[in-house]
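# Fold and geometry: a report
Each chain is listed here by its residues.
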Amino acid sequence: MKSEQAIKSKLEEILGLKPGAAELETPPDKAMGDYAFPCFKLAKQFRKAPNLIAAELAEKLSESGLSAQAAGGYVNFRLDRTAFAKDVLEAYEQAGASYGASSEGQGRAVCVDYSSINIAKPFHIGHFRTTVIGHSLCRIYAKLGYKPVGINHLGDYGTQFGKLIVAYKRYGDRDAIEQNPMIELMKIYVRFHEEAEKDKSLEDEAREWFRKIEDGDEEAQSLFEWFKDMTLREVKRVYDDLDIEFDYYTGESFYNDKMAPVIGELREKGLLELNDGASVVDLAEYNMPPCLILKADGASLYATRDLAAAIYRKETFDFAKSLYVVAYQQDLHFKQVFKVLELIGREWAKDMEHVSFGMVSLEDAALSTRKGNVVLLVDVMKKAVEKAMAIIEEKSPGLADKETAARRVGVGALVFDTLSSNRIKDISFSWDRALNFDGETGPYCQYTHARACSVLAKAEWFPNRNAAFDKRADCHPPLHESPNNTVGADGNLPVKTDIGDNLSDDEAFELLRLIEEFPGAIKEAARKNEPFIITRFALDIAKAFNKFYYEHRIMDDDESIRTARLRLTAATRGVLAEALRLIGLYAPEKM
RNA sequence: GCGCCUGUAGCUCAGUCGGAUAGAGCAACGGCCUUCUAAGCCGUGGGCCAGGGGUUCGAAUCCCUUCAGGCGCGCCA
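Residues numbered from 1 in each chain as written. Chains lettered and ligands numbered in written order. Predicted model: local features only at pLDDT ≥ 70, side-chain atom pairs only at ≥ 80, totals over all residues. Heavy atoms only, no water.

Close contacts around RNA strand B come from 67 residues, with Y74, E252, K395, E440 and S454 the closest. Per the 4 Å cut-off to the protein, sugar and phosphate atoms form 61% of the nearby atoms of RNA strand B. At a separation of 3.2 Å, a base nitrogen of RNA strand B approaches a polar side-chain atom of E23. The separation between a sugar or linking oxygen of RNA strand B and a polar side-chain atom of E25 is 3.1 Å. Secondary-structure elements contributing two or more residues to the surface near RNA strand B are strand 3 (74-77), strand 7 (278-281), helix 14 (377-395), helix 17 (442-458) and helix 20 (532-551). Considering every element that reaches the surface near RNA strand B, the biggest residue donor is helix 17, with 8 residues. Classifying every residue of the surface near RNA strand B by side-chain character gives 34 nonpolar, 12 polar and 21 charged. (Near = heavy atom within 4 Å. Polar contact = N/O pair within 3.5 Å; in protein donor to acceptor, adjacent residues only side chain to side chain. Helix = DSSP H or I, 4+ residues; strand = E, 2+ residues; numbered from the N terminus. Nonpolar A, V, L, I, M, F, W, Y, C, P; charged D, E, K, R; others polar.)

Next comes the structure, spelled out in structure tokens:
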């Protein structure tokens, strides 16, 4: 029996079930078989004990040449591993760069609103989650044939900037701020809040300055632009290290002149009602508090801006999906916004999704810029890279371009750590965990990749070995830049060798099974908007490879064994590199 | 008060559509480098799946309920 699908079809045929009805499971112990079919549900239908059904089924299946065995109420199957190995490797080698890719997106846009930093606020570890989740989703959707549109919805609007100007004019030192913008701006911002406790007039002053920004006052405007420039300059360094590029930096202020139509439409459709002077959309019918659209003084609010932004994005990109990678504190806000869109007849409201995630806390205290209780991302990155460098100096002193390797491994550890549990879970930031390079970590996966590369290099099997490759020898590029189905760029290596039963051992089989599962894992990650599925996959395949590597000598003296194992190594390496790329990690060739 | 989310090993977390004996990593302890990278591999110990009821042949998983924690609930974003 070659594949899971073939087993299912046969079962359905014998039992007279409709296609797709038979579900297979994986037995708890490999010795039992590769797939299992539980017969308990059939007991009622056939009025027979499950173990009897299993026994009869196993007999019938065996008659038709399958390796089926009854065990209690289960029928266990063993695959024809030789044929399976051939199928999986050929599928991979044929697809090459596009293995796991699909065209289901048909080039349609998926808007991903993520990272969305605040101007003049430091990039702290709390922002890291939205940044890496959003980035990974962009790559996953691109893999499935969508066109991701990465939007950094800047927090560039609000009285906070009035406060900052007041703080700057009172306590700011231009040179100090130029030297170390985010830290210094944070300091004066914190000081503003301390002083404002004592002197309420500061708040009024701040509101006045904010009004001046909006009115286009020259001094206010230029100060604001200065804050914005410094923030973007600093944050782009972080994005460079993470290999992130945004398509748009259209922030909140971008929608200032785009809210009138939607407000008008709400009013026209009779959805807007006055309540204590404010204009709201009542959502009691949907078990939600009212959605505030306009303040009593007529000013717009957060929701107003998001409604305008949603409509703008639909009109501009005609998205298939529009995602908001924002912490779960805003669950209600997005529910309200989506509902209001539905109420004004935007049927595409169903295509919007709040990709919410848990809070990041610091030693049991919430992160708060205002209180100055932050861990800056640049500091964490710096420490991680230093640690990676120290390990490289110790273990691979001869490595070329150690700086790049250290940066990729150090940053990779942080990204991987952030993507290594379900989005919804809260995270308590821990230096120990973030800087751990052992066990289920990014460096572990990267190390495994480098190990595989090392074997392939030794066999002179490295894909695409050429001058360009040598220049970037520190770090392997994504799979799509380096299709490794071109095994033997030297042109003298056999690709279509007969695998025979050289890959029928448990360790090779586990790897083949994972390679086969990769395309499904990508789809599931997209369906759930959960990059963690890919993180888990990367760990699984890395573990399986290390086990394989330990149990079997890849560079065996026997040529047919060696070739088969090298093909498996090449495929594993390619899939692992691609999995890492999908969650935003580089896969170094050496480390 | 109301709503949403979370609760699995000392710690951090997996656990698919309800399936066989609940799995990893960290930390602790003990093994494995003259063979392809030891950032690795193997082993040992560690569990009332928060508690209680129910549905089911079968529940960590579904339903009800209690408890604990987090978040949100009109003029911030």
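Per the stated rule, a full pass over the model turns up 31 salt bridges. Across the pair R170 and E205 runs a salt bridge, and its minimum N-O distance is 3.0 Å. Pair noted here: R170 is in helix 6 (residues 159-171) and E205 is in helix 9 (residues 201-215), with a separation of 35 residues, a long-range link. Connected through shared salt-bridge partners, D34, R81 and D506 make up one network. (Salt bridge = Lys/Arg side-chain N within 4 Å of Asp/Glu carboxyl O.)

All of the buried residues in helix 11 (residues 260-268) are V262, I263, E265 and L266. One side of helix 11 holds all its buried residues, which, seen down the axis, span an arc of 160°. More than 90 degrees from the buried face of helix 11, the exposed residues found are A260, P261 and E268. Elements that come into contact with the buried residues of helix 11 comprise strand 6 (272-275), strand 7, strand 8 (291-294), helix 12 (302-317) and helix 13 (331-343). In the stretch just after helix 11, G270 is the one whose phi turns positive, near 70°. (Buried < 20%, exposed > 50% of the residue type's maximum accessible area, 1.4 Å probe, protein only. Arc of directions from axis to C-beta. Contact = heavy atoms within 4.5 Å.)

So, about the domain arrangement of chain A. Domain boundaries in chain A define domain 1 (4-79), domain 2 (109-259 + 302-362) and domain 3 (396-423 + 430-582). Placing the centre of domain 1 and that of domain 2 at their C-alpha centroids yields a distance of 55 Å. (Domains from an automatic or database assignment.)

Attention shifts here to the side chain of Q336. Examined against the element boundaries, Q336 turns out to sit in helix 13. Those residues in contact with Q336, other than ones at most four positions away along the chain, are L283, M288, P289, P290 and C291.

Only a minority of non-glycine residues have a phi that is not negative, and only a minority of peptide bonds are not trans. Look at Q106: it is not a glycine, yet its phi comes out positive at around 50°. In this fold, Q106 is placed in the loop between helix 4 (81-95) and strand 4 (109-113). What makes Q106 exposed here is its relative accessible area of 68%. Even without a glycine there, the phi angle at D318 is positive, about 45°. On the secondary structure map, D318 appears in the loop between helix 12 and strand 9 (321-327).

Core analysis: the largest hydrophobic core is formed by 142 residues, its most contacted members being L11, F37, F77 and F227. For F227, the residues in contact, after removing those within four places along its chain, are I119, A120, L164, I165, Y168 and L185. L271, V281, C291 and L307 belong to the second-largest nonpolar core, a separate cluster that totals 36 residues. (Core = buried A, V, L, I, M, F, W, Y, C linked by side-chain atoms within 4.5 Å.)

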